[in-house]
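Residue-level structure breakdown
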Amino acid sequence: MATINDNYLKLKAGYLFPEIARRVNTFAEANPDAAIIKLGIGDVTEPLPEACRTAMIQAVENMGNRESFRGYGPEQGYPWLREKIAAQDFQARGCQVDASEIFISDGSKCDTGNILDIFGKNNKIAVTDPVYPVYVDTNVMAGHTGEVNETGEFEGLVYLPISAENNFTAEIPSQKVDLIYLCFPNNPTGATTTKENLKAWVDYAKANGSIIFFDAAYEAFITDESLPHSIYEIEGARDCAIEFRSFSKNAGFTGTRCALTVVPKTLTAKASDGSDVELWKLWNRRQSTKFNGVSYIVQRGAEAVYSEAGKAQVKALVSFYLENAKIIRQKLTEAGLSVYGGVHAPYIWVKTPNGLSSWDFFDKLLQTCYVVGTPGSGFGAAGEGYFRISAFNSRENVEEAMKRITQKFKV
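Residues numbered from 1 in each chain as written. Predicted model: local features only at pLDDT ≥ 70, side-chain atom pairs only at ≥ 80, totals over all residues. Heavy atoms only, no water.

In this section: the packing of aromatic side chains. If you walk through the whole model with that rule in mind, you get 27 aromatic pairs. The interplanar angle of 40° and the centroid separation of 5.9 Å between the aromatic rings of F247 and F253 together place this pair among those described as tilted. Comparing F247 with F253, the two get one shared label, buried. Between F320 and Y321, the aromatic rings sit 5.5 Å apart at their centres with planes inclined by 70°, giving edge-to-face as the arrangement. Given a relative accessible area of 22%, F320 falls into the partly exposed group. Grouping aromatic residues by their ring pairs yields a cluster made of F119, Y132, Y135, Y181, F213 and F244. Lying across the ring of Y386, K351 places its NZ or CZ 4.5 Å from the centre. A cation over a ring is seen here: R388 above Y347, with NZ or CZ 4.0 Å from the ring centre. (Phe/Tyr/Trp six-rings, centres within 6.5 Å; stacked < 30°, edge-to-face > 60°. Buried < 20%, exposed > 50% of the residue type's maximum accessible area, 1.4 Å probe, protein only. Lys NZ or Arg CZ within 6 Å of the ring centre and 35° of its normal.)

Below, the structure is given as structure tokens:
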């Protein structure tokens, strides 16, 4: 008889966002006239930049001619896209990243989970708390954890709490860990980090033979040039870090799917016999075996992000969402709520009022304001008592949602 991967049974609750959808759908069925505004899942709402659409249309036309038709592309991505990424996203910032070290994929969410394929089962893994659920859940699925306890923490993971009390900055672990997940600008808290803080993490990783998984999916929202966009701005990071990026939030590719992962060729980890193995070779082998690459049409759209028109249009798109975030911060602050994030990130992290739990505040906001956010406890035990609101929506919906909330919640 066929058997299952029992590790999936450790995930007793549904994945956070489907659970939110379930509650919203139940409420909507019972209240069909309620005009619900969703500021929960970080999905974009504005159209793809014109430069990207134009490039994709031309790519579709190319597929209609034998001479310009494209079938299977290189699993690592087309060189013309990788070269532009290397030059404009990394080398322009002083980062020593070569195009050959960039792997194009269909999502940073996918890659932060898939990267575990090339790492062993005995690594000690550290995550911030609260944390993007994918980091934890994929480790559970891979059998890297024990059971979950009553607070929602999984045995075998090292949790690094971040909160208003420590300025949402995780302390460097006192114990030795092997794999470290860092996300800046942070999802869900919207916090940023400094070069000095990243240098401390790089120094720790190099001293302990650790690997940092650096999720920079929201780097385009950083407007302060003193803040790092890439971990490779830090000396020594090539020897201890893998970076993940995405076109989803800056260029609106959530439904189009294009992202990238950087694996430096200088990066190594230990085999069971103690020898050093180049991780680039392992990831290249993994991708060549399990992934057929992102479509030619989508990659042409992503390439257009780096054209002069594309850069201007993406900048305008990011600015639009940052203005939404500014409106949310301002209105919630005026209502007396404690608000964090939303300055260099599209997420606003709110302290729930009057001692309400995260899910109680979710239900109250849905039932009284018809507004959907994300309970902080869904991101980990340290997220209890907080709530995430996304700036990804139309200006009209953001302003209406804030009007409803400020009318109902005055602290």
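Our focus in this paragraph is empty space enclosed by the protein. One pass over the structure, following the stated rule, counts two cavities of 30 Å³ or more. The computed volume of the largest cavity comes to approximately 80 Å³. As for the largest cavity, its lining consists of T128, I162, F168, T169, A170, L182, C183, F184, N186, N197 and W201. Secondary-structure elements contributing two or more residues to the lining of the largest cavity are β5 (179-183) and α6 (195-208). Within the lining of the largest cavity, the residues separate by chemical class into seven nonpolar, four polar and no charged. Approximately 30 Å³ is the volume attributed to the second largest cavity. (1 Å grid on protein atoms, 1.4 Å probe; cavity = no way out; pocket = protein on both sides within 12 Å on 5 of 7 lines; lining within 4 Å. Points joined across faces, edges and corners; volume = space filled by probe spheres on them. Helix = DSSP H or I, 4+ residues; strand = E, 2+ residues; numbered from the N terminus. Nonpolar A, V, L, I, M, F, W, Y, C, P; charged D, E, K, R; others polar.)

Let's shift gears to the pattern of salt bridges. Side-chain pairing between opposite charges can occur once the charged atoms of the two side chains come close. Here the structure, examined in full by the defined rule, presents 20 salt bridges. Where D276 meets K270, a salt bridge forms, and the shortest distance between an N and an O atom there is 2.8 Å. Assigned by exposure class, D276 and K270 land together as exposed. Across the pair K281 and E278 runs a salt bridge, and its minimum N-O distance is 4.0 Å. (Salt bridge = Lys/Arg side-chain N within 4 Å of Asp/Glu carboxyl O.)

Let's shift gears to the sheet that holds strand β2 (residues 102-105). Strand order in the open sheet made by the seven strands is β2-β8-β7-β6-β5-β3-β4, with mixed pairing throughout. Here the strands that pair on one side only, and so sit at the sheet edges, are β2 and β4 (157-161). Each strand axis lies, on average, 20° off the axis of its neighbour in the sheet, ignoring direction. Note: strand β6 (residues 211-215) against strand β7 (residues 241-246), four bridges, orientation parallel. Note that in β7 the partner of F213 across the bridge is I242. Across the sheet, helix α3 (residues 79-90) touches β2, β7 and β8 (259-262), and the angle it forms with β2 is around 115°. (Pairing = 2+ DSSP bridges. Axes fitted to C-alpha atoms, helices over the stretch in contact; angles between N-to-C directions. Contact = heavy atoms within 4.5 Å.)

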